[in-house]
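Commentary on secondary and tertiary structure
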Amino acid sequence: MAPRVLVTGSAGQIGAELVPHLRSLYGKDNVVAAIHTSPGGPSLRDGPLLTLDTGNQAAVVAALKEYKVDTVYHLAALLSATGEKNPQLAWTVNMDGLRNVLEASRTNGVSQVFWPSSIGAFGPDAPRANAPQNAPLTPTTMYGVTKVAGELLCNYYHAKYGLDVRCLRYPGLISSVTPPGGGTTDYAVEIFYGAIRTGSYTCFLREDTVLPMMYMPDALKATVQVMEAPASKVPRHLGYNLAAFSFSAGMLASELAKLVPGFRVTYAPDSRQKIADSWPQSIDDTEARRDWGWEPDYDLPGMVADMLAKLTTRLRPEGKTV
Ligand code: SER
């Protein structure tokens, strides 16, 4: 039987693609998209859609009951750069929301919860190359603090109440559908808009900044895979390390220049450089591969070619120039 799903943060970078993906798998009526401040795109409107503030536990309970939800993907959160501008708000949105969703879930018969952690959970004490699953987690951003605390809370709800919470540490995500908002890895999406629209881009990170990244189709695949795996294959309820590929801003620019002749990138690092420098350059995801068979489909050239083709079609409808 198909799960009855609620996705919070549906208008966000992951939600905007996860909702249509889950609807294609489980049926439109079985996937409820919850939005808050942003209205989201038309693709959210071909199934149940509601406005929900996850800061309000009673409202979360009401939504779970009304739609007879048994599976929650709790994606509503602030990203790293926005979080550094307003750390108090980042704590409130990221932590109160998670606690409300976990508590509402365990008291209302929800059987599974998904929650996204991030490379932001790591800090300067983790090895920069191939950060292992059990690296020390000492993040220096409020976003990272909420990711570490959130992982611990997910693990607590599993240990104390038996709630089946599953959690992935996503790398920076690159999507052709929804631009990210307020992240440190946003440059890797913005650069495509620059290439298509003006043939140039000013990057807010240094050219040699290497970060772990992933194309959104792989992120969707990993998310569904970890949620559908039998419980015996997912023993970890803290976040699983997850990797696809790593590149520097300069490597991405060169790869793009192969397909967009004359593409020019200049570098003007801002406050986000400090955040990027506190994160690992690559991630060891051996456990995810071993436990539930994780394997990405896209490498850097594959992602760049597909992303450029999709975004070009979207930004330049036939016969028009942007
Ligand atoms: N993409 C996120 C950010 O940059 C990292 O998880 O904040």
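Below is a summary of the structure that appears in this document.

Parameters and conventions
Residues numbered from 1 in each chain as written. Predicted model: local features only at pLDDT ≥ 70, side-chain atom pairs only at ≥ 80, totals over all residues. Heavy atoms only, no water. Pairing = 2+ DSSP bridges. Helix = DSSP H or I, 4+ residues; strand = E, 2+ residues; numbered from the N terminus. Contact = heavy atoms within 4.5 Å. Axes fitted to C-alpha atoms, helices over the stretch in contact; angles between N-to-C directions. Buried < 20%, exposed > 50% of the residue type's maximum accessible area, 1.4 Å probe, protein only. Core = buried A, V, L, I, M, F, W, Y, C linked by side-chain atoms within 4.5 Å. Near = heavy atom within 4 Å. Polar contact = N/O pair within 3.5 Å; in protein donor to acceptor, adjacent residues only side chain to side chain. Areas by Shrake-Rupley, 256 points an atom, 1.4 Å probe, with all protein chains shown as cover. Nonpolar A, V, L, I, M, F, W, Y, C, P; charged D, E, K, R; others polar.

1. Looking at the sheet that holds strand E4 (residues 71–74)
- Across the sheet, which stays open at both edges, the seven strands sit in the order E3-E2-E1-E4-E5-E6-E10 with parallel pairing between neighbours. The open sheet is flanked by strand E3 (49–51) and strand E10 (240–241), the only strands paired with a single partner.
- Alignment of strand E1 (residues 5–8) against strand E2 (residues 31–35), held across three bridges, turns out to be parallel. Looking at E2, one finds that Val5 is bridged to Val31.
- Against the sheet, helix H7 (residues 216–228) makes contact with E4, strand E5 (112–118) and strand E6 (164–170), and its axis sits at roughly 155° relative to E6, the strand it touches most.

2. Points about the pairing of strand E9 (residues 210–215)
- Most of E9 sits out of view: five of its six residues are buried.
- Pairing of E9 with strand E11 (residues 245–248), which is carried by four bridges, proceeds in the antiparallel orientation. Paired with Pro212 across the bridge in E11 is Ser246.

3. Remarks on the nonpolar core
- In terms of nonpolar packing, the biggest core is built from 43 residues, with Ile174, Tyr187, Phe192, Phe247, Leu252 and Met303 touching the most fellow members.
- At the level of elements, helix H6 (187–197), strand E8 (200–203), E9, E11, helix H8 (249–259), helix H9 (272–277) and helix H11 (300–315) are the ones that each hand at least two residues to this core.
- Once residues lying within four places of it in the same chain are set aside, the contact partners of Met303 are Ile174, Phe192, Tyr215, Phe245, Phe247, Leu252 and Tyr298.
- Judged by nonpolar contacts, the second largest core, of 33 residues, contains Leu168, Tyr170, Met216 and Ala229.

4. What to know about the side chain of Glu255
- If you trace the backbone, Glu255 turns up in helix H8.
- Once you skip the residues sitting within four places of it in the chain, Glu255 turns out to touch Leu300, Pro301 and Val304.

5. Here's the deal with the sheet that holds strand E7 (residues 172–174)
- Strand order in the open sheet formed by three strands is E7-E9-E11, with mixed pairing between adjacent strands. Pairing within the sheet leaves two strands with one partner each, and these edge strands are E7 and E11. Along the sheet, successive strands turn relative to each other by an average axial angle of 45°, direction set aside.
- Where E7 lies against E9, three bridges are found, and the strand directions are parallel. Across the sheet, residue Leu173 finds its bridge partner in E9, namely Met214.
- H6 contacts E7, E9 and E11 of the sheet and is inclined by roughly 25° relative to E7.

6. Re the site of the ligand
- Surveying the vicinity of the ligand reveals the residues Leu79, Ser80, Ser118, Tyr143, Gly183, Thr184, Thr185 and Trp279.
- Take Tyr143: an N or O atom from its side chain is 2.9 Å from an oxygen atom of the ligand.
- If the ligand stood free it would expose 240 Å²; the protein chains cover 95% of that surface.
- Residue classes in the shell around the ligand are distributed as three nonpolar, five polar and no charged.

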